[in-house]
Amino acid sequence: MNVKTIKRPTFIEALVPITFLIIIISVSILKFGADPQIPLLLATIVAVLLGFKLGYKWDDMEKGMISTINSSMQAILIQMIIGIIIGTWILAGIVPTMIYYGLQILSPAIFLPSAAILCAIISVATGSAWTTAGTVGIALLGVGQGLGMPLPLVAGTIISGAYFGDKMSPLSDSTNLAAAVTEVKLFDHIGHMLKTTSVSFIIALILYGFVGMKYSSSALDTAQINQLLDALKQHFHISPILLLPPILVVSIVIMKVPAVPGLLCGGILGGIFAIIFQKSTLADVILVSHYGFNSQSGFEAMDSLLSRGGLDSMMYTVSLIIIAMCFGGVIEKIKVLEVIAEKLLIFTKTRGSLVLTTALSSIFCNFTMADQYLAIVVPGRMFRKSYEEKNLKLKNLSRVLEDSGTLTSSLVPWSTCGAFMLTTLGVHPFAYLPFAFLNLINPIVSIIYGYTGFTMEKDEVISPTEEVDDSSNSKELINEIE
């Protein structure tokens, strides 16, 4: 009976599916304006063909894909529930209420930090930097222009605030993806990120306050903001009591309730509030939960902001997660990641250098693969084993992936995020890059934490060296007693 020998890929062979992925993603997105799913699927086929060449059977690679997909099933369930939450929370007036009160904090003297905080509030509420920038961000650009502020400065402020929520909100797809790739509980991931992101955001707010001081004497033109406020109040019942569901979600984080049942309770509560406060019917709640909320007020800014959510809206991200996990499962099964990681491990002898290499790899993926999701998936699969070998909890890895991958995605003009911001805000990413303080500071803070060890939590695993030391200390103690 002939048994085909399974070979280990050479470094050149290991680079083939990665290089193909970079090329096909770049061409598809930049030239054809395509989404990353099909190019990623083609890269998966190339990886499978390499697996056949190395002696792997289809069943082996299929098991690798299924195993990897299985590890992301919780995130997929959360994605679907999040779609329901967004739809019901908008229908119930919860998101409109958060936006309405958030708009009240604007002040001429502190416009820039206020704008960053406002965008952070809305992006946390919606889980989307794109939605925040494409609606309230446009209004804030007009306000900043009326104050005589440079548009790149205002755009950078909007980007900073929007991406705070994009990585900190449990409703964010990138946040759920980072948790899924590293198999870290969603709220553990968010809580660990807070230790770097809060510091970075505070520094960014101080810098915005300092930069904006010379504009403090200008008068604030609130016409655009007032239009949105009036439209929100006209079409929704606005009340502080509608802030209870977001408070519930925060309580879930504090009490460490499992994400799926906890978030599902938030969605159900949104439906109940919609019936009570907005006079919606049960049919409205069911339809919005599935298809999302469709705002038809006639006021474009509000319609664009609130027309979203629903189970269907999450299928894009779910499909991306599944295909990305297929690609990751194959290249992991055929040892592609292992071979590449071994080469990179030359630069990861210490904890700090490991964090630095992870961060730079995520940034490199943003520049070469042009998609923030891939900047999370590829380094996440590549460096996982290294973090485990150093007894570092995997939430350290998930945090670095978001601190670097998510935060720098909007700074690359040819990436999906950078292209969206360029089209929406009308400001080139390289122009607002120097003023996107959070996006620049957060990766640096993360790397500093890596070198200093601050908040870099370890698994409580006793190494062989520690066992010898403990034994030696015990013998010395016995001798002293005798």
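Residues numbered from 1 in each chain as written. Predicted model: local features only at pLDDT ≥ 70, side-chain atom pairs only at ≥ 80, totals over all residues. Heavy atoms only, no water.

Participant: Looking at this model, I keep getting lost on the overall build of the protein chain. Mind explaining?
Facilitator: A tally of regular secondary structure across the protein chain gives 25 helices and zero strands. For the protein chain, whose C-alpha radius of gyration is 24 Å, the value lies close to the compact-globule estimate of 23 Å for 482 residues. When contacts within the protein chain are restricted to residue pairs at least 6 apart in sequence, those whose partners lie at least 24 apart make up 78%. Working note: accessible area of the protein chain is about 20,500 Å², and carbon and sulfur atoms make up 66% of it. (Helix = DSSP H or I, 4+ residues; strand = E, 2+ residues; numbered from the N terminus. Rg over C-alpha atoms; globule rule 2.2 N^0.38 Å. Contact = heavy atoms within 4.5 Å. Areas by Shrake-Rupley, 256 points an atom, 1.4 Å probe, with all protein chains shown as cover.)

Participant: Help me out: how do you make sense of the nonpolar core in this one?
Facilitator: Here is a general trend for soluble globular proteins: nonpolar side chains tend to be buried in one another's company. Core analysis: the biggest nonpolar cluster contains 87 residues, and L103, L263 and L306 have the highest contact counts within it. The residues touching L306, leaving out its near neighbours within four places in the chain, are I90, V95, P96, I99, L232, F236, F293 and S295. M61, I323, A324 and V377 belong to the second-largest nonpolar core, a separate cluster that totals 58 residues. (Core = buried A, V, L, I, M, F, W, Y, C linked by side-chain atoms within 4.5 Å. Buried < 20%, exposed > 50% of the residue type's maximum accessible area, 1.4 Å probe, protein only.)

Participant: Looking at this structure, I do not really get the packing of helix 9 (residues 151–168) against helix 24 (residues 437–452). What am I missing?
Facilitator: Describing two packed helices takes the angle between their axes plus the distance from one axis to the other. The geometry of helix 9 relative to helix 24 is characterised by a closest axis approach of 7 Å and an angle of 50 degrees between their N-to-C directions. It follows from the interaxial angle that helix 9 and helix 24 lie oblique. Where helix 9 abuts helix 24, its residues I159, S160, Y163, F164 and K167 lie against F437, L438, N439 and N442. When grouped by side-chain class, the residues that make up the contact of helix 9 with helix 24 number five nonpolar, three polar and one charged. (Axes fitted to C-alpha atoms, helices over the stretch in contact; angles between N-to-C directions. Parallel < 35°, antiparallel > 145°, perpendicular 65-115°, else oblique. Nonpolar A, V, L, I, M, F, W, Y, C, P; charged D, E, K, R; others polar.)

Participant: It is not clear to me how the layout of surface pockets should be interpreted in this structure. Could you clarify?
Facilitator: Which parts of space are left empty comes out when a probe the size of a water molecule is rolled across the atoms. Taken as a whole, the largest pocket holds about 570 Å³ of empty space. Around the largest pocket, the lining comprises 24 residues; the ones closest to its centre are S128, W130, D173, T317 and Y373. (1 Å grid on protein atoms, 1.4 Å probe; cavity = no way out; pocket = protein on both sides within 12 Å on 5 of 7 lines; lining within 4 Å. Points joined across faces, edges and corners; volume = space filled by probe spheres on them.)

Participant: I keep staring at helix 22 (residues 416–425) and nothing clicks. Help me out?
Facilitator: Structural remark: α-helix, 3.6 residues per turn; residues separated by three or four positions point the same way. Those residues of helix 22 lying buried are C417, G418, M421 and L425. Buried residues of helix 22 fall within an arc of 95 degrees about the axis and therefore sit on the same side. One or two residues past the end of helix 22 sits G426, with phi positive at roughly 70 degrees. (Arc of directions from axis to C-beta.)

Participant: When you look at the environment of L54 in this model, what are you seeing that I'm missing?
Facilitator: By secondary structure assignment, the location of L54 is in helix 2 (residues 37–54). With 140 residues separating them in the primary sequence, L54 and L194 have C-alpha atoms 43 Å apart. With near-sequence residues (within four places) excluded, L54 lies in contact with T5, I6, K7, R8, P9, E13 and I334.

Participant: I keep staring at the pattern of salt bridges and nothing clicks. Help me out?
Facilitator: Side-chain pairs of opposite charge can arise whenever the charged atoms involved come near each other. Using the criterion set out here, one finds eight salt bridges in the structure. Ionic pairing is found between E13 and K53, a salt bridge with its closest N-O pair at 2.7 Å. Highlighted residues: E13 in helix 1 (residues 11–31) and K53 in helix 2, separated in sequence by 40 residues. For D403, the salt bridge is made with K167, and the minimal N-O distance between the two is 2.8 Å. Taken as a pair, D403 in helix 21 (residues 394–408) and K167 in helix 9 lie far apart in primary sequence, 236 residues in all. (Salt bridge = Lys/Arg side-chain N within 4 Å of Asp/Glu carboxyl O.)

Participant: What am I meant to see in the packing of helix 21 against helix 24 here?
Facilitator: Two elements in contact, helix 21 and helix 24, have axes whose closest approach is 9 Å; the angle formed by their N-to-C orientations is 160 degrees. The angle between helix 21 and helix 24 falls in the class roughly antiparallel. Between helix 21 and helix 24 the crossing geometry is left-handed. Here R399, V400, D403, S404, L407 and T408 of helix 21 come into contact with helix 24, specifically with L438, N439, N442, P443, S446 and Y449. A per-class count over the contact of helix 21 with helix 24 returns five nonpolar, five polar and two charged. (Left-handed = near helix turned anticlockwise from the far one by under 90°.)

Participant: Looking at this structure, I do not really get a nonpolar patch on the surface. What am I missing?
Facilitator: On the surface, a nonpolar cluster with roughly 720 Å² of combined accessible area is contributed by F20, I38, L41, L42, I45, L49, F52 and W58. The leading source of residues in the nonpolar patch is helix 2, at six residues. Turning to its location among the elements, I45 is positioned in helix 2. (Patch = residues over 30% accessible without salt bridge, like charges linked within 9 Å, V, L, I, M, F, W, Y side chains within 5 Å.)

Participant: Would you mind going over the side chain of T44 with me for this structure?
Facilitator: Its location among the elements puts T44 in helix 2. If near-sequence neighbours (up to four positions away) are discounted, T44 is found in contact with M65, I323, C326, F327 and V330.

Participant: Before we go on, may I ask you to explain the packing of aromatic side chains in this structure?
Facilitator: The geometry of an aromatic ring pair is captured by the separation of the ring centres together with the interplanar angle, meaning the angle of the planes. Applying the stated criterion across every chain, the model contains seven aromatic pairs. Here Y100 and Y101 contribute two aromatic rings whose centre-to-centre distance is 5.5 Å and whose plane-to-plane angle is 80 degrees, an arrangement assigned as edge-to-face. We classify Y101 as partly exposed; its relative accessible area is 32%. Above the plane of the ring of F11 lies K343, whose end atom (NZ or CZ) is 5.5 Å from the centre. (Phe/Tyr/Trp six-rings, centres within 6.5 Å; stacked < 30°, edge-to-face > 60°. Lys NZ or Arg CZ within 6 Å of the ring centre and 35° of its normal.)

Participant: Just to check I follow, could you spell out the environment of A125 for this structure?
Facilitator: Along the polypeptide, A125 turns up in helix 6 (residues 111–126). Each C-alpha atom of the pair A125 and I69 lies 28 Å from the other, and the pair is 56 residues apart in sequence.

Participant: Any chance you could explain the state of the cysteines here in plain terms?
Facilitator: Here a disulfide denotes one covalent bond, and it connects the sulfur atoms of two cysteines. Inspection of the entire model under this criterion finds zero disulfides. Note on C417: no disulfide assigned, nearest cysteine sulfur contributed by C365 at a separation of 14 Å. Classification of C417 as buried rests on a relative accessible area of 2%. (Disulfide = S-S within 2.5 Å.)

Participant: Is there a simple way to think about the environment of I190 in this case?
Facilitator: Secondary-structure assignment places I190 in helix 11 (residues 186–211). Residue I190 is classed as buried on the basis of its relative accessible area of 8%. Along the sequence, I190 and R399 sit 209 residues apart, while their C-alpha atoms lie 8.2 Å from each other. Sequence-distant contacts of I190, defined by excluding residues within four places in its chain, comprise M168, S169, P170 and T175.

Participant: I tried to follow unusual backbone geometry on my own but got confused; where do I start?
Facilitator: Note: most residues except glycine have negative phi, and most peptide bonds are trans. Backbone geometry places N391, a non-glycine residue, at a positive phi of 60 degrees. Checked against the element boundaries, N391 lands in the loop between helix 20 (372–389) and helix 21. One non-glycine residue, T455, lies in the positive phi region at around 65 degrees. Topologically, T455 is positioned in the loop between helix 24 and helix 25 (464–481).

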